[in-house]
Amino acid sequence: MNTQHTDDTGEFALPRSREANERLHAVIPGGAHTYAKGDDQYPENLAPVISHGRGAHVWDVDGNRYVEYGSGLRSVSLGHAHPRVLEAVRRELDRGSNFVRPSIVEVEAAERFLATVPTAEMVKFAKNGSDVTTAAVRLARAVTGRPRVAICGDHPFFSVDDWFIGTTPMSAGIPAAITELTVAFPYGDLAATEELLTRYQDEVACLILEPAGHTEPPPGYLAGLRELADRHGCVLVFDEMITGFRWSEAGAQGLYGVVPDLSTFGKALGNGFAVSALAGRRDLMERGGLRHSGDRVFLLSTTHGAETHSLAAAMAVQTTYVEEGVTARLHALGERLAAGVREAAAGMGVGDHLVVRGRASNLVFATLDEDRQPSQRYRTLFLRQLLAGGVLAPSFVVSSALDDADIDRTVDVVAGACAVYRKALDAADPTPWLAGRPVKPVFRRLV
């Protein structure tokens, strides 16, 4: 592990990254192409700009090397520059990437996907998650003739499109008439969901949710949602952007045995390459095709949705997951990391303040203040210490490229960070350890 760069005061410093961030803001609104990657999500002047990555490690433009978690917003689950994926991509690049008619790779990729996710009957590919979640909503509205969308209010993100963003604090530019058509239900509460469906009787086109999150579904919950959707005549949509592959190769629906009408996949599907999928029942999906007698639905029509190299990447990812037992490895790595972090936090007396949550393959952490309330200031303190120790971790979401030495290194750095955390708690004020403004929530109304 390279020694992290410090300034003349001995503090960890990123002068080249700081300069690069200024260049980014000069030409790109927000300084990044994803809000969750913005420099406001990191301590002031400590937002690394990445030069390259390999496996579970990345290097910034200052030359610092980090053990990386949450790679590519959870999309790079096999590690950067995975050789099997790159081999498949390179093979297609030499053969052309986009044609005036479908390539044979499209049917091969679709057949591979449906073999991996056998609960679905048809699939259509696109480039990002919002493409396919919005297509699912449009399809649900078309087949039901209903206007309203019911989202799980406990899940943080579904789409960049108006039907969802209008419900967030960043709703500027979205007409109220659109936002009013989106309603919310709480996760795990069947009675509240039924009350919502009854209140908007015959108005709700679909229920859309992540089938699982930081906690396991309550017993019978997903099956209960299935029954509610059937009884009220709405479409059940599972957003499997995160659960897909990380819960099982066939997603959460494959693990829990509850089949949605439609489901959406992305992130891990391409190991960083741009590919997403809308999958589901044939009778619904075919409404976006040519072999039915009803009104046509503009389901998905994307110039780049079937680029051959991205579909080849997806096929290689699925093969690797199945043949190498990647999901089981992600869980084993996550369990080792969670145990180590919890032990380190407890040993430093902050076990009730640094809290690791979630399924082992999808760990996040919460930073709590003196009153055990979520704190952006303590998150800032913790992130500063991790960065200085060579750990880039907006979450603790693992990739299969990590090894035991990476986990052990991370736990050592966490222990050091927890020692500082304890000092701040004892002082009842983390300010002296922040060196600038606190990190900020992604969704907020004002800058």
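K.L.:
Quick question: what am I supposed to make of helix α3 (residues 83-93) here?
P.N.:
Each full turn of the α-helix corresponds to 3.6 residues, which orients residues three or four apart in the same direction. If you check which residues of α3 are buried, you get V85, A88, V89 and E92. One face of α3 carries all of its buried residues, which in axial projection span an arc of 95°. Facing away from the buried surface of α3 by more than 90 degrees, the exposed residues are P83, E87 and R90. Residues of α3 that are buried make contact with α4 (104-116) and α13 (308-324).

K.L.:
Explain unusual backbone geometry here, please?
P.N.:
Working note: non-glycine residues mostly have negative phi, and peptide bonds are mostly trans. In this model, N45 sits at a positive phi of 65°, which is unusual for a non-glycine residue. In this model, A435 sits at a positive phi of 55°, which is unusual for a non-glycine residue.

K.L.:
Help me out: how do you make sense of the nonpolar core in this one?
P.N.:
The tendency in soluble globular proteins is for nonpolar side chains to be buried as a group. Grouped together as the largest cluster of nonpolar side chains are 66 residues, with contacts concentrated most on Y69, F113, F125, L337, F382, F396 and V414. Considering every element that reaches this core, the biggest residue donor is helix α16 (residues 404-427), with 11 residues. Apart from residues no more than four positions distant in its own chain, F113 is found in contact with V123, F125, F265, L269, A277, A279 and Q318. C152, L207, L236 and I242 belong to the second-largest nonpolar core, a separate cluster that totals 51 residues.

K.L.:
I'm lost on α13 in this one. Help?
P.N.:
Here α13 contains 17 residues, and its C-alpha end-to-end distance of 24 Å stays within 8% of the 24 Å for a straight helix at 1.5 Å per residue. With 14 of 17 residues buried, α13 is to be regarded as a mostly interior element. Just downstream of α13 lies G325, where phi reads positive at about 60°.

K.L.:
Please explain the packing of aromatic side chains as it appears in this structure.
P.N.:
To describe a pair of aromatic rings, you give the distance between the ring centres and the angle between the ring planes. Taken as a whole and judged by the stated rule, the model has 13 aromatic pairs. An angle of 90° between the planes, with centres 6.2 Å apart, marks the rings of F113 and F125 as edge-to-face. One end of the pair, F113, is in helix α4; the other, F125, is in strand β4 (residues 122-126), and 12 residues separate them in sequence. Note on F125: relative accessible area 11%, which makes it buried. With 6.2 Å between their ring centres and 15° between their planes, F157 and F443 make a pair best called stacked. A residue pair is termed long-range when its members are at least 10 positions apart, and F157 in the loop between β5 (148-152) and α6 (162-165) and F443 in the segment after α16 qualify at 286 residues.

K.L.:
Which parts of the structure should I look at to understand the packing of helix α14 (residues 326-347) against α16?
P.N.:
Angle between the axes and distance between the axes are the two parameters that describe a pair of packed helices. Packing of α14 against α16 leaves a shortest axis separation of 9 Å and a crossing angle of 25°. In this view, α14 runs roughly parallel relative to α16, as classed from their interaxial angle. The crossing of α14 and α16 is right-handed. Only D404, I407, D408, T410, V411, V414, A415 and C418 of α16 make contact with α14, whose side of the interface consists of L333, R336, L337, G340, V341, A344 and A345. By residue class, the composition of the contact of α14 with α16 is 10 nonpolar, 2 polar and 3 charged.

K.L.:
Got a minute to help me understand the sheet that holds strand β2 (residues 57-60) in this structure?
P.N.:
The strands making up a sheet are joined through hydrogen bonds of the backbone, oriented either antiparallel or parallel. Reading across from one edge, β1-β2-β3-β13 is the order of the 4 strands in this open sheet, with mixed pairing throughout. Looking along the sheet, the strands with just one partner apiece sit at the ends: β1 (50-54) and β13 (391-392). Alignment of β1 against β2, held across 4 bridges, turns out to be antiparallel. By the bridge assignment for β2, H52 is matched with W59.

K.L.:
Looking at this model, I keep getting lost on the side chain of T243. Mind explaining?
P.N.:
As for its placement among the helices and strands, T243 is situated in helix α10 (residues 243-246). Those residues in contact with T243 that lie beyond four places of it in its chain are P211, A212, S248, G251 and A252.

K.L.:
Just checking my understanding: could you explain the environment of D408 for this structure?
P.N.:
Looking at the element boundaries, D408 is found in helix α16. For D408, a relative accessible area of 36% translates into the label partly exposed. Counting along the chain gives 68 residues from D408 to G340, while the straight-line C-alpha distance between them is 7.8 Å.

K.L.:
What should I look at first to understand the sheet that holds β4 in this one?
P.N.:
Read across the sheet, 7 strands follow the order β4-β10-β9-β8-β7-β5-β6 without closing on themselves; strand pairing throughout is mixed. The open sheet terminates on both sides in strands that have one partner only, identified here as β4 and β6 (182-185). Along the sheet, successive strands turn relative to each other by an average axial angle of 20°, direction set aside. Sheet topology note: the β5/strand β7 (residues 204-209) ladder contains 4 bridges and is parallel. Of the residues in β7, the one forming a bridge with R148 is V204. Its contacts with the sheet put helix α8 (residues 190-199) on β5, β6 and β7, and the angle it makes with β6 is roughly 155°.

Calculation notes
Residues numbered from 1 in each chain as written. Predicted model: local features only at pLDDT ≥ 70, side-chain atom pairs only at ≥ 80, totals over all residues. Heavy atoms only, no water. Buried < 20%, exposed > 50% of the residue type's maximum accessible area, 1.4 Å probe, protein only. Helix = DSSP H or I, 4+ residues; strand = E, 2+ residues; numbered from the N terminus. Arc of directions from axis to C-beta. Contact = heavy atoms within 4.5 Å. Core = buried A, V, L, I, M, F, W, Y, C linked by side-chain atoms within 4.5 Å. Expected span 1.5 Å × (residues − 1). Phe/Tyr/Trp six-rings, centres within 6.5 Å; stacked < 30°, edge-to-face > 60°. Axes fitted to C-alpha atoms, helices over the stretch in contact; angles between N-to-C directions. Parallel < 35°, antiparallel > 145°, perpendicular 65-115°, else oblique. Left-handed = near helix turned anticlockwise from the far one by under 90°. Nonpolar A, V, L, I, M, F, W, Y, C, P; charged D, E, K, R; others polar. Pairing = 2+ DSSP bridges.

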